[in-house]
Amino acid sequence: MAAQDKPIRIIIGKVGCDIHERGALVLARAFRDAGMEVIYLGRYQTADSVAKTAVDEDATIVALSDHTGSMRYIAEEVMAALEKYGGSDIPVVAGGLIAKKDLPYIEKLGVTGNFGPGTPLPTVIDHIRQRVEESRQAAKA
Amino acid sequence: MATQPENNENNSVVYDRSLGGMVRDATQAFIPLQEVYTPEDIEGTDYESDLGDPGKYPFTRGIYERMYRERLWIKSFIVSYSTLEDTNQAFKEYLANGQTGLRLLADLPIQSGLDPDHPSSWNAMLCGGISSYALETYEKMLDGLPLENVDYELAHMGMSSFLCFYSYLVAMMENQGLDISKLRGASINDPFRSKIVYGCPDFPTEIDRRINLDLIEFAVKNTPKWKAYAPNGVDPQQSGFTAVQEAAHVLAVATAVYTDLINERGISLDEVGPTVFSMDAESDFFETICMFRATRRMWAKIAKEKLGAKTARAQSLRIGIRTSGLSLQTQKPLNNAARVTLQILSCVLGGVNSLDASSIDEAIGLPSREARLFNLDAQHIVTHEANVPLVADPLGGSYYVEWLTNKIEDEANKILQTIEDNGGMWACLESGWLRHQIDASRMRVQAEINEGKRLIVGVNAFQGDEGPINQAIENCAYKVPSKKMRQKTIADVKRLRATRDKEKVNAAVLELYDATKEGRNLVRATIEASKAGVTLGETVGVIRMAYGYGYDPLNQIEAPAFITELLGGK
């Protein structure tokens, strides 16, 4: 089976103490319906647990969710942890309540999407497929 | 779903007469509706036994004879900013603008039972509220504010918060030589909600269940104007329940806890006094009103017939509201003003007793000052300009409203029967049945949104463009607490640990451990521990250890050395 035919294996992680879970649960369902393999880690994760699981489970992509406004710190930690565990080739996307002024910084870290509440589900799914496609092309090159 | 006006090739507007046509024929809770209701639809409804005058059993029409002329609803909202000083200032300003209840909250690490220097605290620290890690933070936050005869409300998520923050309020009063029986207010404390909605890690359910009874017992004996427990429907509904499921849920929670209280502590409902349910006000206007009416009636019957309440006080349900945050949208946030205003109106028409309205910028971040003042002003306008509260239960007798009230009661009773068939609420919590109900309902709603059967203005319909007013609302929303503020909080808790009286701390920790282990009411021990400067995280850890669990709810850190040494021989 060619690499691009493998289903997307996506890790959904909530790092820290944010309890707002509805978005992550709705997305987990939508990703599954879109044919992806979804690993939802649940709440109260650490950057280490997300990055380590992503590497151990051979994840195609990581999705971070947060509604506390702290995505800039979470993104920093998760990207550093991915590097530490040898997963810096795994693309990372994010969503939740993210302050507009934090967007440039988060994007610069390589965390894209950054979708807010009410984003149509196909928009999120298309973005994930695009990031995966880019990373698969990069791996081939 | 495409309800935007479209321009054709000639750049002229396409005329579409059906644009904005109705897409639904059922309520938000999926109750199918007729076009009109007539006397036939409420045949068999008896005024005396099903409605009763306001202030009379079964309290369908409200719990006071003269309703709002006797007592307006309490106007409160959560005030908890990143710093203790900001929160203190905000309370003073809002009180001057007509706020009548002080609703307290904390950041999410604290609500999870973790001190600010716990490794998992960093990300959410000071987000959504203060870091109230010890009594000293309450002393700063409430500096200059009265403690007696003011309505305080604790709106946190986990049992550890209610235990600690109630203890801080009592400790402050005792330290100032005040009479603690004058402490007024309520804890939105519900051991079911903390688990099914939040998965709160502080304590396992067996500890929650015991501390909840300790808190009710302590309050009944020492602070009779404090409601130590309030079944919560707000968060289960925000997580996925419908209004009907919410009504059944709060009634089932109340029944489960009071059954324990009667059987295990020998305390009757008449000793507890009025019960407060913390409920949601969603966007479906009439359904929300009827949910309140049906819930009051159902509670009166359950309290009297099932739980043996003899006094009207114990049979009459007080309803405290948090309007739906979920209904508020980030897209075109100005529209949230219409949503909140309608929700406030449904609460007043439904006869609720306290009201915490969400803010128009709440989907973007923590509410700004002006959005808060709008909440208060909207309630003042409903009261003083629209004259809505002048007459009790003004919709009583409407064929539709009475039919829908009856319908919600019937449907909720079916759910209550299913819960009983499944072994009762504690069994339903333990088996995951409750969580499954929430998930299934949430997916049903989401499917309707995806299919355009449920329109949300600005989101999946009538998107339109945002102008300067909407952009200004977005720009006013809350700023993420800086790293420096977080570092200062960590330094503060470390300073407290280094400077407090070690002898007193040790004695208080030992007593808390023993009281927990020996099955004594642990509220007094918690009050004394807070006076000694024991932190929230330490309190949680010591109680966990007395039950044989690890100190840290997240299993990431070891117990502090002094606690391990103290309890080592135990």
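What you see is a predicted model; the values in this text were computed from it and never measured. (Residues numbered from 1 in each chain as written. Chains lettered and ligands numbered in written order. Predicted model: local features only at pLDDT ≥ 70, side-chain atom pairs only at ≥ 80, totals over all residues.)

**Details of the overall build of chain A**
Secondary structure assignment for chain A yields 5 helices and 5 strands. Helices and strands appear in chain A in the N-to-C order β-α-β-α-β-α-β-α-β-α. For 141 residues, the compact-globule formula gives about 14 Å, and the C-alpha radius of gyration of chain A, at 14 Å, lands near that figure. For the C-alpha atoms alone, the extent of chain A along its principal axes is close to 40 × 30 × 25 Å. (Helix = DSSP H or I, 4+ residues; strand = E, 2+ residues; numbered from the N terminus. Rg over C-alpha atoms; globule rule 2.2 N^0.38 Å.)

**A closer look at the sheet that holds strand β2 (residues 37-40) of chain A**
All names here are of chain A. Taken in spatial order, the 5 strands of this open sheet run β2-β1-β3-β4-β5, and their pairing is parallel. The strands lining the two open edges of the sheet, one partner per strand, are β2 and β5 (111-115). Each neighbouring strand pair of the sheet contributes to a mean axis angle of 20°, computed without reference to strand direction. Relative to the sheet, helix α3 (residues 71-84) contacts β3 (61-66), β4 (92-96) and β5, its axis offset from that of β3 by approximately 150°. (Pairing = 2+ DSSP bridges. Axes fitted to C-alpha atoms, helices over the stretch in contact; angles between N-to-C directions. Contact = placed C-beta atoms within 7 Å.)

**What about the packing of helix α10 (residues 243-265) of chain B against helix α16 (residues 399-421) of chain B?**
Residues and elements named next belong to chain B. For the pair α10 and α16, the least separation of the axes is 8 Å and the interaxial angle reads 50°. With respect to each other, α10 and α16 are oriented oblique. Viewed along their axes, α10 and α16 form a crossing whose handedness is right-handed. Contacts from V244, Q245, A247, A248, L251 and A252 in α10 reach I408, E411, A412, I415, L416 and I419 in α16. (Parallel < 35°, antiparallel > 145°, perpendicular 65-115°, else oblique. Left-handed = near helix turned anticlockwise from the far one by under 90°.)

**Here's the deal with the sheet that holds strand β3 (residues 151-154) of chain B**
Residue and element names in this part refer to chain B. Strand order across the open sheet formed by 8 strands is β5-β4-β3-β2-β1-β8-β7-β6, with parallel pairing between neighbours. Of all strands in the sheet, those with a lone pairing partner are β5 (226-227) and β6 (275-281), marking the two edges. Alignment of strand β1 (residues 74-78) against strand β8 (residues 354-356), held across 2 bridges, turns out to be parallel. Bridging from a neighbouring strand, I74 pairs with S354 of β8.

**Some thoughts on α10 of chain B**
The first and last C-alpha atoms of α10 of chain B sit 32 Å apart over 23 residues, in line with the 33 Å expected at 1.5 Å per residue. Residue G266 of chain B follows α10 of chain B closely and has a positive phi angle near 65°. (Expected span 1.5 Å × (residues − 1).)

**Regarding the environment of P274 of chain B**
Residues and elements named next belong to chain B. Secondary-structure assignment places P274 in the loop between α11 (269-272) and β6. A count of 17 C-beta atoms within 10 Å places P274 in the partly exposed class. Distance from P274 to N413, taken between C-alpha atoms, is 22 Å for residues 139 residues apart in sequence. (Buried ≥ 20, exposed ≤ 12 C-beta atoms within 10 Å, placed from the backbone.)

**Focus on the packing of helix α12 (residues 285-306) of chain B against α16 of chain B**
Between two packed helices, the angle of one axis relative to the other and the distance separating the axes together describe the packing. Residue and element names in this part refer to chain B. One way to put it is that α12 packs onto α16 with a least axis distance of 8 Å and a crossing angle of 60°. Judged on the interaxial angle alone, α16 and α12 are oblique. The crossing of α12 and α16 is right-handed. Residue-level inspection shows F286, E287, I289, C290, M291, R293, A294, R297 and M298 of α12 in contact with α16, the latter providing Y400, V401, L404, T405, I408, E409 and A412. Partitioning the contact of α12 with α16 into residue classes produces 11 nonpolar, 1 polar and 4 charged. (Nonpolar A, V, L, I, M, F, W, Y, C, P; charged D, E, K, R; others polar.)

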